[in-house]
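# An overview of the molecular structure
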Amino acid sequence: MRDFTIDELMVTCMAREVEDRSIVLQGLTTPLATVAYYLAKATHAPNAYIYQLAGNILTHDLKALPVSMLFNEFQAMSGSLHVRSQMEAYETIFTKSSSIVEFFRPAQIDKYGNVNNSVIGNYESPKVRLPGAFGIPDALGIYPKILVYCPRHEKRVFVEKVDFISGLGIFDREKYRDKEVRIISNLGTLRLDNKTQEMQLITKHPGISIEEIKENTSFDLTIPKTIQETELPTEHQISLIRSKIDPNGTRRLEMLGGKERLSLLLDIIEKESKIK
Amino acid sequence: MRDFTIDELMVTCMAREVEDRSIVLQGLTTPLATVAYYLAKATHAPNAYIYQLAGNILTHDLKALPVSMLFNEFQAMSGSLHVRSQMEAYETIFTKSSSIVEFFRPAQIDKYGNVNNSVIGNYESPKVRLPGAFGIPDALGIYPKILVYCPRHEKRVFVEKVDFISGLGIFDREKYRDKEVRIISNLGTLRLDNKTQEMQLITKHPGISIEEIKENTSFDLTIPKTIQETELPTEHQISLIRSKIDPNGTRRLEMLGGKERLSLLLDIIEKESKIK
Amino acid sequence: MPLKEGVNLIEGNLIAIGGLTIHRKPIAFIHEIIRSKIKGLNVLTFGGGPEIDLLVAADCINRVEAAYVGFEILGFAPNFRKAVENKKIEFKECTEYSIMAGLLATTFGASFIPSKTLMGSDIKGKLGLRTIRSPFKDEELIAYPPIEPDVAIIHIQRSDMYGNAHLEGVTAIDDQLIKASKKVILTVEEIILPEKIMENPSKTRISSSLVDAVIKVPYGAHPTSCFPYYAYDLWHINEIIEYSRSGKIEEYLKKYVSSLDSFQDYLDKIGKNSLTRVKPKQ
Amino acid sequence: MPLKEGVNLIEGNLIAIGGLTIHRKPIAFIHEIIRSKIKGLNVLTFGGGPEIDLLVAADCINRVEAAYVGFEILGFAPNFRKAVENKKIEFKECTEYSIMAGLLATTFGASFIPSKTLMGSDIKGKLGLRTIRSPFKDEELIAYPPIEPDVAIIHIQRSDMYGNAHLEGVTAIDDQLIKASKKVILTVEEIILPEKIMENPSKTRISSSLVDAVIKVPYGAHPTSCFPYYAYDLWHINEIIEYSRSGKIEEYLKKYVSSLDSFQDYLDKIGKNSLTRVKPKQ
């Protein structure tokens, strides 16, 4: 087995969703997605359009590597062919929805693909008031292909029913026949579409058992008879990620929580502020 | 009596409608209005915002004089602080309507201030298909103060009822109490407001009789007991118009028709193409 | 891509043309349409000028949708005027707002745009606009339906080979047309390197992600203007008027379009002096 | 105009704040609001960050309207989160579209924007959005009502003395906020000559005709970013979090805001090293 970490495997899975000439939109604080988008552009999707930072900045090429945590705005601008307002980003969303790639990270997701980034608990008296879903509720209604990533596949994320529907997943079976949700987690890849309306396991990551995935999912997953292993990263991909795209390891920030994340973050920005 | 021509008198009347910090929008082919706007900015309204050419170009100052027929786009851009799309022009129209100055020239106008730039005769089988009203129908519904100029005050322009309402003048007495139409013609100045709903003569130009104005108007004008003469241009204004703002006489183009206009136009552009 | 190939991309129910009246009209592309003998086009343009008049004269048009069709200071577009008066073409008379609202509905995912703007105008009826009641106030509103052109043809200053483009001077609603149209064809004065675009990315008005073809045609808007390269050629536009008035527009079309192989031949025929006199001072 | 005078312009029911999360927030202006002990504000912002958290901590806020309030990679805005959980402030949870549609309705003269966008989301109900029937198709639509802030406070890169301004990097919806608001206050890193603006007028994103006050405050967005002058100061934002977690946010406010006379004092207190480490390479 090749030498790779789970964040690198997730990155390569996510990169595969980017096609050449895809229009890639990047939300807030999604370094794992950023690395995936750049990896795609550096390999099989050189003509992908990457709009960074809530969709405002179009990155033309990969001159501006490695990805940065502290100076990401500066980096994006230095490789930019077009600066857009958020209004223009939405104009693209509505007119080119089938070309758009945008990965969302929900706090909760249920078996219908509904996502919640609003509250844990009761809406009016929440246990946790989350920062908010920003554009996810809008985008879910528009995109035919909803892309979700979950760096921590746990029962409290994969819930039977979200506490609050920030954004609606699969609905209106008749009208949205081809609508689907694809999920890439740290355990495997999943899929839900309007035809079956069942959340299905597609692949499991190497070393992960089906049991482990079931145990970390609150709702019943449809498990096909034969489950393949997730395609592994190539050596070229891993080398690109580690040496060119993300040598500082920003992608690992999303795999961590609390003090570990903060400590890694401070390490990264300390480094970036010095080597500039 | 001072030495001035009727186009110069009209220009000074129109310039008076521009206040300092007015947002001035300039439509297609309105050199008389252009000269008026620049005159206002050169005298009492130095901080007026002049958006030229269908509202796309903001002229900051008067560096770019004299006004040009052939190179007006170049001239506007060279004095520009801000280039807008037409969408942005409308955003200003809706949010700053009370600050806006825009003079329209209708092919027909009736006693209710309705204007017609669409057809003469029947709409489906027109005697004359006019070029179209462009944004006038929209603006008339938005602006509280509708400004009209008519370089040729004739019965066929001041009609009892327009053949086709391109844009509605005074309407909805209750809701638009302060809405008014001000007209500057080559014979005098007129006014219609929502309170009286009567087209009223306000001033007559020097040397013009009330009879002459009545004879050239198809509908009944309200004539107050005492009619003042229109305020005359000052020497300073005339000198500015002739020597600085419009030495080539583009303002006179709108006073003429047919071959006379074409001949003046060819003279002007010939001159402009040579002295550049 | 050569112009002939570009013309092959023309398909669908509604063709949008950029520019405004006598500014930045894609005349080279229009010539190629005329040479290709395409008929029955439905054309949408904000303010139409010589491009509409020539298409009408060459009998390429079924319907025009515009808020204005004319030659500005030179007055009527003679062939358009005659064709509407004689009912040879259909003219759907729009206003600035009706076009902008329709394009905006398309690009912003609105089912329609409700506004009071045109209330009372006879144009509202001719456009067949529906009215609805406001859910918020006791008032009637006009529902402007979405407009989604199949192809937009826009002549612009410069872009890179992908279609990342600048747009200068009178921009009209070209950015909106481009965003709302299913397919976009740019004719450009100059093709520049992407590196040049990157030097000033805030100047980019059109993203290559919206562009399907870029065709280089210097002077491609003549006799309309393309700031900052050249002004409109009022002399030549007046020539169109004079040919038309004397019933000889077919001679004009033959001389300047159908008997020629390319737009370059047209420019050669126009002559250097004509192109020089519309050049701005340096 | 000094900041103190700028704060006197704050009035009305809805105050809009520009920028996005930890980008270009008008922190200097926020400090002055806190020093002025203004209470009961209703604030609209697209994505809120430290500016909302500090206003909440200083008890200046009645209601927040936003699609997100947090510190991006640093997670929760701690004082905002606590205040909503404890019902000390009202939070009107919006989405990107609901805010953009509302502003667009105001600037484009639409009575509302009808769209299917949020259909099925629980946010629709919480926002009290009405539904209408489409006049064109058999479908239900959400009617997004107009949003018209009374004042917008925006920190931007540079403008001339009149307010003709550039806007770079993450622009969010600041141009829309500015167009839709009745009054506009700009705080800027630099004031430049109108002649400089004229050199590149296509770069002008804000017209002075919309601007009521221009206030020069270098580093006025710290600890949020202002491209290309400085990045966000994640160290300092983390300091806000740490003060808050240990229940000492009042100490923070005293140390960095209320005990000081000016934003310059704050910058002096922050220290040169802090400002240097967020400077990009040349």
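Here's what I pulled together on the structure shown here. (Residues numbered from 1 in each chain as written. Chains lettered and ligands numbered in written order. Predicted model: local features only at pLDDT ≥ 70, side-chain atom pairs only at ≥ 80, totals over all residues. Heavy atoms only, no water.)

## Side note on the overall build of chain A
The number of helices and strands found in chain A is 8 helices and 15 strands. By the compact-globule yardstick of 19 Å for 276 residues, chain A fits well, its C-alpha radius of gyration being 18 Å. Residue burial in chain A is summarised as follows: out of 276 residues, 64% are buried. Across chain A, contacts joining residues at least 24 apart in sequence account for 66% of those joining residues at least 6 apart. Separation of charge centres in chain A, based on 35 positive and 36 negative side chains, amounts to 1 Å. (Helix = DSSP H or I, 4+ residues; strand = E, 2+ residues; numbered from the N terminus. Rg over C-alpha atoms; globule rule 2.2 N^0.38 Å. Buried < 20%, exposed > 50% of the residue type's maximum accessible area, 1.4 Å probe, protein only. Contact = heavy atoms within 4.5 Å. Lys, Arg positive; Asp, Glu negative; His and termini not counted. Charge placed at Lys NZ, Arg CZ, Asp CG, Glu CD.)

## Focus on the overall build of chain C
Helices and strands together make up the secondary structure of chain C, namely 12 helices and 10 strands. Taking 282 residues into account, the globule formula puts the C-alpha radius of gyration at 19 Å, and chain C, at 19 Å, falls close to it. Expressed along its principal axes, the backbone C-alpha trace of chain C runs to roughly 65 × 50 × 35 Å. A burial count over chain C gives 71% of its 282 residues as buried. A separation threshold of at least 6 residues defines the contact pool for chain C, and within that pool the share at least 24 residues apart is 72%. Side chains of chain C give 35 positive and 35 negative charges; the mean places of these two sets differ by 3 Å.

## Some remarks on the nonpolar core
C:Phe108, C:Ile113, C:Leu234, D:Phe108, D:Ile113, D:Leu186 and D:Leu234 are the most contacted members of the largest nonpolar core, which has 342 residues in total. In this structure, C:Phe108 is in contact with A:Met87, A:Tyr90, A:Phe94, D:Tyr97, D:Met100, D:Ala101, D:Leu104 and D:Ile113, ignoring residues within four places of it in sequence. (Core = buried A, V, L, I, M, F, W, Y, C linked by side-chain atoms within 4.5 Å.)

## Observations concerning the pattern of salt bridges
Applying the stated criterion to the full structure yields 70 salt bridges over all chains. The residue C:Asp174 makes a salt bridge to C:Arg24 at a minimum N-O spacing of 2.7 Å. Of this pair, C:Asp174 sits in helix H7 (residues 174-180) while C:Arg24 sits in the loop between strand S1 (15-20) and helix H2 (27-35), and the two are 150 residues apart along the sequence. Since its relative accessible area comes to 2%, C:Arg24 is described here as buried. Where salt bridges share partners, they join A:Asp3, A:Asp7, A:Glu8, A:Arg242, A:Asp246 and A:Arg251 into one cluster. (Salt bridge = Lys/Arg side-chain N within 4 Å of Asp/Glu carboxyl O.)

## Structural notes on the sheet that holds strand S13 (residues 188-193) of chain B
Residue and element names in this part refer to chain B. Strand order in the open sheet made by the 6 strands is S6-S11-S12-S13-S14-S15, with mixed pairing throughout. Among the strands making up the open sheet, the edge pair consists of strand S6 (103-104) and strand S15 (228-229). As defined by bridge partners, strand S12 (residues 180-185) adjoins S13 across 5 bridges and the pair is classed as antiparallel. Bridge pairing in S13 places Arg 182 opposite Arg 191. (Pairing = 2+ DSSP bridges.)

## A word on the sheet that holds strand S3 (residues 57-59) of chain A
Backbone hydrogen bonds are what pair the strands of a sheet, in a parallel or an antiparallel way. All names here are of chain A. Strand order across the open sheet formed by 5 strands is S4-S3-S2-S1-S5, with mixed pairing between neighbours. Looking at the sheet topology across the chains shown, the edges are occupied by strand S4 (80-83) and strand S5 (100-101). Pairing of strand S1 (residues 23-25) with strand S2 (residues 49-52) involves 3 bridges; the strand directions are parallel. Paired with Ile 23 across the bridge in S2 is Tyr 49. Along the sheet, helix H2 (residues 31-42) makes contact with S1, S2, S3 and S5, crossing S2 at roughly 155 degrees. (Axes fitted to C-alpha atoms, helices over the stretch in contact; angles between N-to-C directions.)

## Some remarks on H2(C)
Burial runs high along H2(C): 9 of the 9 residues are buried. When H2(C) is considered as a whole, its buried residues turn out to be C:Ile27, C:Ala28, C:Phe29, C:Ile30, C:His31, C:Glu32, C:Ile33, C:Ile34 and C:Arg35.

## Quick look at unusual backbone geometry
Here C:Phe227 and C:Pro228 are connected by a cis peptide whose omega angle stands at 0 degrees. Residue position: C:Pro228 is located in the loop between strand S10 (213-216) and helix H9 (234-245). With a phi close to 70 degrees, A:Arg21 is a non-glycine residue in the positive phi region. Summarising the element assignment, A:Arg21 is placed in the loop between helix H1 (6-16) and S1.

## With respect to the side chain of A:Ser166
Mapping A:Ser166 onto the fold places it in the loop between strand S11 (145-150) and strand S12 (180-185). Within polar-contact distance, the side chain of A:Ser166 engages the side chain of A:Ser118 at 2.7 Å. Not counting residues within four places of it along the chain, the set of residues in contact with A:Ser166 comprises A:Val115, A:Asn116, A:Asn117, A:Ser118, A:Ala133, A:Pro137, D:Ser121 and D:Ile123. (Polar contact = N/O pair within 3.5 Å; in protein donor to acceptor, adjacent residues only side chain to side chain.)

## Describing the environment of B:Thr230
Residue and element names in this part refer to chain B. Along the chain, Thr 230 falls in the loop between S15 and helix H7 (235-245). Classification of Thr 230 by relative accessible area gives buried; the value is 4%. Not counting residues within four places of it along the chain, the set of residues in contact with Thr 230 comprises Leu 9, Cys 13, Arg 16, Thr 203, Lys 204 and His 205. Polar contacts involving the side chain of Thr 230 include one to the side chain of Thr 203, which spans 2.8 Å.

## Structural notes on a nonpolar patch on the surface
Judged by side-chain polarity, C:Met161, C:Tyr162 and C:Ile191 come together as a nonpolar surface patch covering roughly 300 Å² of accessible area. Along the chain, the position of C:Met161 falls in the loop between strand S8 (151-159) and H7. (Patch = residues over 30% accessible without salt bridge, like charges linked within 9 Å, V, L, I, M, F, W, Y side chains within 5 Å. Areas by Shrake-Rupley, 256 points an atom, 1.4 Å probe, with all protein chains shown as cover.)

## Quick word on the interface of chain B and chain C
Taken together, the contact pairs 55 residues of chain B with 63 residues of chain C. For the pair chain B and chain C, the summed buried area comes to about 4800 Å², and 64% of that belongs to carbon and sulfur atoms. Contact with chain C buries surface across chain B, with B:Arg129, B:Pro131 and B:Phe134 losing the most and accounting together for 15% of the total. At the boundary of chain B with chain C, the tally comes to 2 salt bridges. One salt bridge connects C:Glu93 with B:Arg129, and the closest N-O pair in it is separated by 3.0 Å. Here chain B is connected to chain C by 24 residue pairs in polar contact (both at pLDDT 80 or more). (Buried area = accessible area lost by both parts, 1.4 Å probe.)

## What to know about empty space enclosed by the protein
Any space left empty among the atoms is revealed by the rolling of a water-sized probe across them. Counted by the stated rule, this structure contains 6 cavities of 30 Å³ or more. In this structure, the largest cavity occupies an estimated 620 Å³ of space. If you trace the largest cavity, you find 29 residues lining it, with A:Ser85, A:Glu88, B:Glu88, C:Asp175 and D:Asp175 closest to the centre. Breaking the lining of the largest cavity down by element, the ones donating at least two residues are S4 and helix H4 (86-95) of chain A, strand S4 (80-83) and helix H4 (86-95) of chain B, H7 of chain C together with helix H7 (174-180) of chain D. Its residues placed into classes, the lining of the largest cavity shows 7 nonpolar, 10 polar and 12 charged. (1 Å grid on protein atoms, 1.4 Å probe; cavity = no way out; pocket = protein on both sides within 12 Å on 5 of 7 lines; lining within 4 Å. Points joined across faces, edges and corners; volume = space filled by probe spheres on them. Nonpolar A, V, L, I, M, F, W, Y, C, P; charged D, E, K, R; others polar.)

## A few points about the pairing of strand S11 (residues 145-150) of chain B
Look at any regular strand and the pattern is simple: side chains alternate between the two faces of the sheet. Residues and elements named next belong to chain B. Of all 6 residues in S11, 6 are buried, a share of seventy percent or more. Here S11 shows no split at all, with Lys 145, Leu 147 and Tyr 149 on one side and Ile 146, Val 148 and Cys 150 on the other all buried. Relative to S12, S11 runs parallel, the two being bridged by 6 bridges. Among the inter-strand pairings, Lys 145 is bridged to a residue of S12, identified as Glu 180.

## Thoughts on the environment of A:Ser78
In this structure, A:Ser78 sits in helix H3 (residues 72-78). For A:Ser78, a relative accessible area of 49% translates into the label partly exposed. Spatially, the C-alpha atom of A:Ser78 lies 8.3 Å from that of A:Thr59, the residues being 19 residues apart in sequence. Contacts of A:Ser78, omitting those with residues within four sequence positions, involve A:Ala64 and C:Met198. Among the polar contacts listed, one links the side chain of A:Ser78 to the backbone oxygen of A:Gln75, at a separation of 2.9 Å.

## Details of the environment of C:Leu103
Residue and element names in this part refer to chain C. Note that Leu 103 resides in helix H5 (residues 96-107). Accessibility expressed as a relative area gives 0% for Leu 103, which makes it buried. Among all residues touching Leu 103, those that are not within four sequence positions of it are Ile 147, Pro 149, Ile 173, Gln 176, Leu 177 and Ala 180.

## A word on the packing of aromatic side chains
All told, the structure shown has 43 aromatic pairs over all chains when counted by the stated rule. The interplanar angle of 20 degrees and the centroid separation of 4.6 Å between the aromatic rings of C:Tyr97 and D:Phe108 together place this pair among those described as stacked. Taken as a pair, C:Tyr97 in helix H5 and D:Phe108 in the loop between helix H5 (96-107) and strand S5 (113-115) lie in two separate chains rather than in one. Look at C:Tyr97 and you get buried, because its relative accessible area is 0%. Taken together, a centroid distance of 5.8 Å and an interplanar angle of 80 degrees make the contact between D:Tyr256 and D:Tyr266 edge-to-face. (Phe/Tyr/Trp six-rings, centres within 6.5 Å; stacked < 30°, edge-to-face > 60°.)

## As for the pairing of S12(A)
For S12(A), a buried count of 5 out of 6 residues is recorded, marking the element as mostly surrounded by other parts of the structure. Once S12(A) ends, the chain turns through 2 residues before running back antiparallel as strand S13 (residues 188-193) of chain A.

## What to know about the packing of helix H3 (residues 50-57) of chain C against helix H4 (residues 78-85) of chain C
Between two packed helices, the angle of one axis relative to the other and the distance separating the axes together describe the packing. Residue and element names in this part refer to chain C. Two elements in contact, H3 and H4, have axes separated by 7 Å at closest approach and are oriented at 55 degrees. Between H3 and H4, the angle falls in the class oblique. In this structure, H3 crosses over H4, and the sense of that crossing is left-handed. Packed against H3, whose contacting residues are Ile 52, Asp 53, Val 56 and Ala 57, the element H4 presents Pro 78, Asn 79, Phe 80 and Ala 83 at the interface. Grouping the amino acids of the contact of H3 with H4 by side-chain chemistry returns 6 nonpolar, 1 polar and 1 charged. (Parallel < 35°, antiparallel > 145°, perpendicular 65-115°, else oblique. Left-handed = near helix turned anticlockwise from the far one by under 90°.)

Purely geometric stuff here, so don't read any function into it on its own.
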